[in-house]
Amino acid sequence: MRFAGLAVVLSLWASLAAALEVEDHRRYEGTGDRTLRILSTADLEVFTRFLESFHADNPHMTLDYTVASSAELHRAIRNGAEFDVALSSAMDLQFQLVNDGFARSHNSPVVDALPDWARWRDQIFAFTTEPAVVVISTESFTGLPIPATRQELTGVLRDNPDRFRGAIGTYDVRESGLGYLFATQEARATDAYWRLSEVMGRLDPQLYCCSGQMIDDVAGGRLALAYNVLGSYAAERLARDSGGRVRILRMSDYSNVILRTAIIPGAAKEPQDAGRFIDALLETGLRDVPAEWPLPPLRETSGNAGGGFGPIRIGPALMVYLDPLNRRAFLQEWVDAIEQR
Amino acid sequence: MTATGSIGRRLTLLLAGVAALLSLMSWSMVTGLARQASERTQDNVLAASATSIAETLRSEQGEVRLELPYSAFSMLGAIGEDRVFYLVTADGEALTGYPDLPVPSLDAPAPGRVDFDTGAYLGEEVRMASLTRVVLAGAEPVPVTVTVAQTRNGVTAIAGELSQLAAILSVAFFVVAVGLSFFAVRTSLRPLNEIAMAVSRRGPSDLRPLRRPAPTELAPLMSALDRLMDRLGQSIRRSEDFITEAAHRVRTPLATVRAQAEIALRSIRDETERARLRRMIRAVDESSRSAGQLLDHAIVAFRADDLARDRLDLADLARQTVEALEPTAAMKDIEIRLHAEPAEIEGDAILLDNALRNVLDNAIKYSPEDTVVTLHVARRDGGVRMSVTDEGPGLGEAPADQLTERFFRGGNTAGIVGSGLGLTIANDVLRAHGGHLELREGPEGRGACVSLVLP
């Protein structure tokens, strides 16, 4: 029996894996026969504690947590993959899923407690507010002023090309949905973005898919600077542990603040359980002191997180840069700026 | 009279009905307008969005290019949390957007004009704005159509909120209108009620015309009422005249008969004959007294309408009346005792004499022989009270107000000739003076005490 069950799980897993480029996966077996499938862009190490505590509260539920890139997640949900919850930091892609009718409605007192900017309809819910930051290695900046704005950063990079050549990391916006969101929003908000991109492009930048690797590489001394990094919480912890070798900079001229959002896909098989999972997630996100939670809470932005810049608004405008023509034009410009070899 | 429902209630109900209808109409009108206004707002935003997209259309190396402006979609968020779809087609080929959006096929796309349509997409009703522009791609002019679509939840929500507000206002309007119409009805009906009150407040013999201002609508009723009372008065006067005339005509021959009978009595010695003659005289006396009372009554009815108000001392009046009645009393060996203190009032001496005479006459008539009838005239409580007490059989069982009815006679009057008019006359006189008649048992439960109370 147990063998047969395992076989089913394995075959399911195999079919999913075929449809989806899975980065990580974990399963918490429950006592009951219901399984809550979660598809997320957040690394397991970030989510483990929350998953464990949720599983402790709902021991009958089997939790199935799959990590994938935001683009993969978007594609999977669009193709009707059977997940009960989709968590992503790519707000624009999440919003498009909702707009195009791939999400279910969910109502609860917790949802009602959400501020207006943290939800759209009753289908997409934000549970963190996360600013994009610059992570630097202090060693590389010895003797240099610590830049506070993009203009200053541009100046520092331009004046010290030898020191920074090949030592700058940033998102490959062609691969990373989040990187693309950061780039487009920043390009819209400040014209310093393109100047900075051109300077970075002359310095042979390293392109990454994910924030985690960039932070690791700064900590490991392979990078002098990582631009537009998410996961400030993890980075801050690293900065503390590094004994001053790694520093977090928040640009004071403009700073992107994204909302990590949750939706219940239309193909969800356990929408009720998914609702409970989202409620628990939102409750954690609304808590002022994040106890078991390495992500920044929601409340911060209602004040002035990210240097007073509010979070990117959840709304139809997010879809503008997802338009294929716009995307093509933007990527062309980006490639022109970054790849100047 | 059969009551056919209250005018006031009917008017109030009618006005409330009108108010309800108006409230309902205004509510539905506001709801319709709100819906229209919010729809038009959405149309305008959709048109602005489509226009701002169309403005980015250009041709690059023979290809149609465009760039969706950020504002084109962010402005659509202003209406509500509505899903947004769009489609740009060049020469019928989808350039970007949602290719299966059910864009209305325009018969004659007019460049620069925005066309609106409503359709269904992805399971929801959507409003679409389409705009066509001709772009020169290479050498060929290509018609490019930009369509922006949005679901209508926001519009419905706004219209619903406004409709709800309108409903609350309509209910409030209705309540106020009902209150006001109730007040209006009360106010309009007040003259009618006042006239009715004035008529019912009148004395029983007050048949003067109604001299009060009345609304135009009530004038016919008033004049009809006046005419009716006039006719009634004339008819009453005619019958009073007739009674007076009849009494006069009867009294004079009766006096002659009595005189002749007295003469005959004196000349006849035969006892049987004499007894017969005495019975005759007594009968004539009673007839004459009845005629006198009828006359008194007619006089009272006549004078009460137009009362004389002379200063007079009731003590004097009582003395004169007692003097006039002493011969009648003496015939039955009845003594009339008068205890009078001076009491000046304003009044009609003839009528008051009439009243007192009738009451005293009654007392004498119903008293056994050799008894005392007492008349007290005294001031009491700012008025004057004239009490006549006798030692007769009392008033009997009948209620006091029945005793003052015309031609009603008490149950213990058998064997005594009377018209039943005495107390009626007294009562009418006192009522005309604003006073009243009080009927009581006499002291020690014997006899009767009739008090004439004047203010």
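See the structure printed just above.
Just so it is clear, the structure is predicted and the values come from calculations on it, not from any experiment.

**Q** Can you walk me through the overall build of chain B in this structure?
**A** If you tally the helices and strands in chain B, you get 9 helices and 14 strands. Counting across all 455 residues of chain B, residues that qualify as buried make up 29%. Considering only residue pairs separated by 6 or more positions, chain B has 65% of its internal contacts joining residues 24 or more positions apart.

**Q** Just checking my understanding: could you explain the interface of chain B and chain A for this structure?
**A** Accessible area lost during the coming together of the parts is what is often quoted as the interface size. Taken together, the contacts link 14 residues of chain B with 16 residues of chain A. Considering only residue class, the side of chain B that touches chain A consists of 7 nonpolar, 4 polar and 3 charged.

**Q** Looking at this structure, how should I read the pairing of strand β6 (residues 124-131) of chain A?
**A** The side chains of a regular strand alternate, residue by residue, between the two faces of the sheet. All names here are of chain A. Extensive coverage of β6 is indicated by the burial of 8 of its 8 residues. As paired elements, strand β5 (residues 119-120) and β6 share 2 bridges and run antiparallel to each other. Bridge pairing links Trp 120 to Ile 124 in β6. Count of turn residues in the β5/β6 antiparallel hairpin: 3 residues, of which Arg 121 carries a positive phi of about 50°. The pairing of β6 with strand β12 (residues 257-263) spans 7 bridges and is classified as antiparallel. What sits directly across from Pro 131, in β12, is Val 257.

**Q** Can you help me understand the sheet that holds strand β7 (residues 133-137) of chain A in this one?
**A** Sheet strands line up and pair through hydrogen bonds in the backbone, either parallel or antiparallel. Residue and element names in this part refer to chain A. Read across the open sheet, the 5 strands follow the order β9-β8-β10-β7-β11; overall the sheet is mixed. Edge positions in the sheet fall to β9 (206-208) and β11 (246-249), since each has one partner strand and no second. Ignoring strand direction, the axes of neighbouring strands in this sheet form an average angle of 25°. Where β7 meets β11, 4 bridges bridge the pair, whose relative direction is antiparallel. Counted as the bridge partner of Ser 137 is Val 246 from β11.

**Q** I keep staring at the nonpolar core and nothing clicks. Help me out?
**A** Side chains that are nonpolar tend, in soluble globular proteins, to be buried together. Grouped together as the largest cluster of nonpolar side chains are 129 residues, with contacts concentrated most on Val 85, Leu 225 and Ala 226 of chain A. In contact with Leu 225 of chain A, other than residues within four places in its own chain, are Val 134, Ile 136, Phe 164, Ala 167 and Ile 168 of chain A. Counting 41 residues, the second largest nonpolar core, distinct from the first, contains Leu 325, Ala 329, Tyr 366 and Ile 425 of chain B.

**Q** In this structure, what is going on with the packing of helix α5 (residues 271-304) of chain B against helix α9 (residues 422-432) of chain B? I would like to understand it.
**A** A pair of packed helices is captured by two measures, namely the crossing angle of their axes and the spacing between those axes. Residues and elements named next belong to chain B. Between α5 and α9, the shortest axis-to-axis distance is 10 Å and the interhelical angle comes to 15°. Here α5 is positioned roughly parallel relative to α9, judged by the angle of their axes. For the pair α5 and α9, the sense of crossing is left-handed. On α9, the residues that touch Gln 293, Asp 296, His 297, Val 300 and Ala 304 of α5 are Gly 422, Thr 424, Ile 425, Asp 428, Val 429 and Ala 432.

**Q** What is the right way to look at unusual backbone geometry in this model?
**A** One can expect most non-glycine residues to show negative phi and most peptide bonds to be in trans. All names here are of chain A. Located in the positive-phi region is Asp 204, a residue other than glycine, with phi close to 55°. By the secondary structure assignment, Asp 204 is in the loop between α9 (192-202) and β9. Exposure remark for Asp 204: the 16 C-beta atoms within 10 Å place this residue in the partly exposed category. The phi dihedral of Asn 228 is positive, around 65°, even though this residue is not glycine. Among the structural elements, Asn 228 can be located in strand β10 (residues 225-229).

**Q** Whenever I open this one, the sheet that holds strand β2 (residues 35-40) of chain A confuses me. Can you help?
**A** Residues and elements named next belong to chain A. As summarised here, the arrangement of the 7 strands in space is β1-β3-β2-β4-β12-β6-β5, forming an open sheet in which the pairing is mixed. In the strand order of this sheet, the two ends are held by β1 (24-28) and β5, each with one partner. Where helix α2 (residues 44-57) meets the sheet, its contacts fall on β1, β2 and β3 (62-67), and the angle it forms with β3 comes to roughly 170°. Those strands touched by helix α4 (residues 91-99) are β4 (85-88), β5, β6 and β12, and its axis lies near 35° from that of β12.

The rules we used
- Residues numbered from 1 in each chain as written.
- Chains lettered and ligands numbered in written order.
- Predicted model: local features only at pLDDT ≥ 70, side-chain atom pairs only at ≥ 80, totals over all residues.
- Helix = DSSP H or I, 4+ residues; strand = E, 2+ residues; numbered from the N terminus.
- Buried ≥ 20, exposed ≤ 12 C-beta atoms within 10 Å, placed from the backbone.
- Contact = placed C-beta atoms within 7 Å.
- Nonpolar A, V, L, I, M, F, W, Y, C, P; charged D, E, K, R; others polar.
- Pairing = 2+ DSSP bridges.
- Axes fitted to C-alpha atoms, helices over the stretch in contact; angles between N-to-C directions.
- Core = buried A, V, L, I, M, F, W, Y, C linked by C-beta atoms within 7 Å.
- Parallel < 35°, antiparallel > 145°, perpendicular 65-115°, else oblique.
- Left-handed = near helix turned anticlockwise from the far one by under 90°.

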